[in-house]
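Structural overview for review
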Amino acid sequence: MSPQVDEETPLLQVQQHKPERTPLPWFQFTIVLFLQLAEPLTSQVIYPFLPQLIRDIGITQGDETRVGHYVGLLQSLFFLTQAMTVHWSRISDRIGRKPVILTGLFGLSMSMYCFGLSTTFWGLVLSRSLNGALNGNIGVIKSIMAEMTDSTNIAQAYAYMPIAWSTGGVLGPMIGGALARPADQFPHLFGDNEFLKKYPYFLPCAVPATFSAIAWLVTFLFLQETVQAPTFALPKLLRSNKKLTGKISPASEINDVTIEIPDNEKPVPFRKLLNRRVLIAAGNYATLSLVDIAFRAIQPLFFSTPVELGGLGLPPSSIGNLLSTFGLLNGVMQIFFFAKLHDYWGSKKTFIMGIASTVPIFACFPILTYIVKNNGGVTPLAWMFVALQIILSLSLSFSYGAIFIYITAASPNRASIGATNGLSQMSVSICRAIGPAASNSLFSLSMRYHYMGGFLVYYVLLGISALALVTASMLPRQA
């Protein structure tokens, strides 16, 4: 009798039982990674300069302790409006992934141009809201990747998936830090440009906006539909692609004929998605996103807060470089280590490892405050703890690949992957909407009123980490 094997059995013991890995469809897979880059670019580019932008528009009236509140509100708006548009993923199950992605990329591009041209707080609010409302690409792209893969290569695919986020994590903060206020940073190049003096944050916003426009064109010309029989037929548009590329997408052939799909291969009703497997996977994705977004929101705010208030007092360019360093390291770690770690430990242990890392990550903040206040500035010891925090946060990213595998496996059938991802994304968007506003506002309140020595926010975040660990324990051993 052969020994029982599950996903947590060490790889060397099951190697003889492991089926041959199916090759990934590299051309389409690369296109999907390219399209996914638009999302982190547009979200990450504002992080280095957002605290300074809030100061510049005057909404805080010079009160430094209120900056965090407004920064968190703007960071949360994208996810709040995105949570209200979960229908994009479910719609894509029926009309196809391509039309939804085209709509999302158009929304990203237009809203980022508007964000760069906004000179009032309410202009920023409207732009950021449109950014989330018109974009449902996160869940849709995950659905495409699930439809491109099978059980033998899904871990490999999700190991590459963070390339886009890591690249965006490198380029976004770098662009935001380097190109914000170009007339001040590069007076010999832009000192006489009245437009950039009037709109000092347009240039960093225009870069991801233009990239999203290019991604729209790439999607229209080259991306093939993965839904078996979308009800929204675009045969003429797709035939025009044939003239340009010499190929025709299978979606156009599908739309030219009527295909009878068995009931068990059709998208299931929404109520059937509300089963234990889906809810546990979606709940863990939500708690992971909550602790992650709270950390990502507070980190640049903490870096920019003056030393006398317990922060590091760093300029936007330095903050951008630090966030870019994390993005670069994260991409390398994900590409070379996620699949191996997942094969050896399995999805559950990989996920729990990342969640557990948030405890020392959050603990680094009060330690850094103690160091800079007692030494009157950022010392080499403080930089050591900044580096430690960045390194520890790399393991948090491993949890995303693990939970994506759980979510894909929880879908009732392949035709419902979009709806399953959409439900998961809705819970995540709600948490990501709450996370930045709540954590940054709590950061400001802790600093203003010195609750628990100014460290109340970190105690709350540690409590959320404990909750996430409890939720992680509910995941099944095997996805």
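Just so you know, these numbers come straight off a predicted model, no measurement behind them.

Thresholds, definitions, all that
- Residues numbered from 1 in each chain as written.
- Predicted model: local features only at pLDDT ≥ 70, side-chain atom pairs only at ≥ 80, totals over all residues.
- Heavy atoms only, no water.
- Helix = DSSP H or I, 4+ residues; strand = E, 2+ residues; numbered from the N terminus.
- Buried < 20%, exposed > 50% of the residue type's maximum accessible area, 1.4 Å probe, protein only.
- Contact = heavy atoms within 4.5 Å.
- Areas by Shrake-Rupley, 256 points an atom, 1.4 Å probe, with all protein chains shown as cover.
- Salt bridge = Lys/Arg side-chain N within 4 Å of Asp/Glu carboxyl O.
- UniProt positions renumbered as here; feature names shortened; annotations may be inferred.
- Phe/Tyr/Trp six-rings, centres within 6.5 Å; stacked < 30°, edge-to-face > 60°.

With that settled, consider the overall build of the chain. In terms of regular secondary structure, the chain is built from 25 helices and zero strands. Within the chain, the proportion of its 479 residues that are buried is 56%. Within the chain, residue pairs in contact and separated by at least 24 positions form 82% of the contacts whose partners lie at least 6 positions apart. On the chain, roughly 20300 Å² of surface is accessible, and the fraction owed to carbon and sulfur atoms is 66%.

Further remarks concern the pattern of salt bridges. A pair can form between side chains of opposite charge whenever their charged atoms are brought close. Tallied over the entire structure, the rule returns six salt bridges. Salt bridges sharing common partners tie together Asp 56, Arg 181 and Asp 184.

What follows deals with the UniProt feature "transmembrane region" (unreviewed entry) in the chain. Those places that UniProt annotates as "transmembrane region" (unreviewed entry) correspond, in this numbering, to residues 100-125, 201-223, 318-339, 351-371, 383-407 and 455-475. With 88% helix and 0% strand, residues 100-125 has its two end C-alpha atoms placed 24 Å apart.

Before going further, it helps to spend a moment on the packing of aromatic side chains. Under the defined criterion, the tally for this structure stands at 21 aromatic pairs. Centre to centre, the rings of Phe 121 and Trp 122 are 5.7 Å apart; their planes meet at 70 degrees, and the pair counts as edge-to-face. Take Phe 121: its relative accessible area is 7%, and that puts it in the buried class. Centre to centre, the rings of Phe 455 and Tyr 458 are 6.1 Å apart; their planes meet at 45 degrees, and the pair counts as tilted. Look at Tyr 458 and you get buried, because its relative accessible area is 4%.

We now examine the side chain of Gln 389. Inspection of the secondary structure assignment puts Gln 389 in helix H23 (residues 380-410). Using a relative accessible area of 0% as the deciding quantity, one classes Gln 389 as buried. Once you skip the residues sitting within four places of it in the chain, Gln 389 turns out to touch Phe 295, Gln 299, Phe 303, Ile 361, Cys 364 and Phe 365.

Moving on, we get to the environment of Gly 331. By the secondary structure assignment, Gly 331 is in helix H20 (residues 316-345). What makes Gly 331 buried here is its relative accessible area of 9%. Residues Gly 331 and Ser 397 lie 66 residues apart in sequence; the distance between their C-alpha atoms is 9.6 Å.

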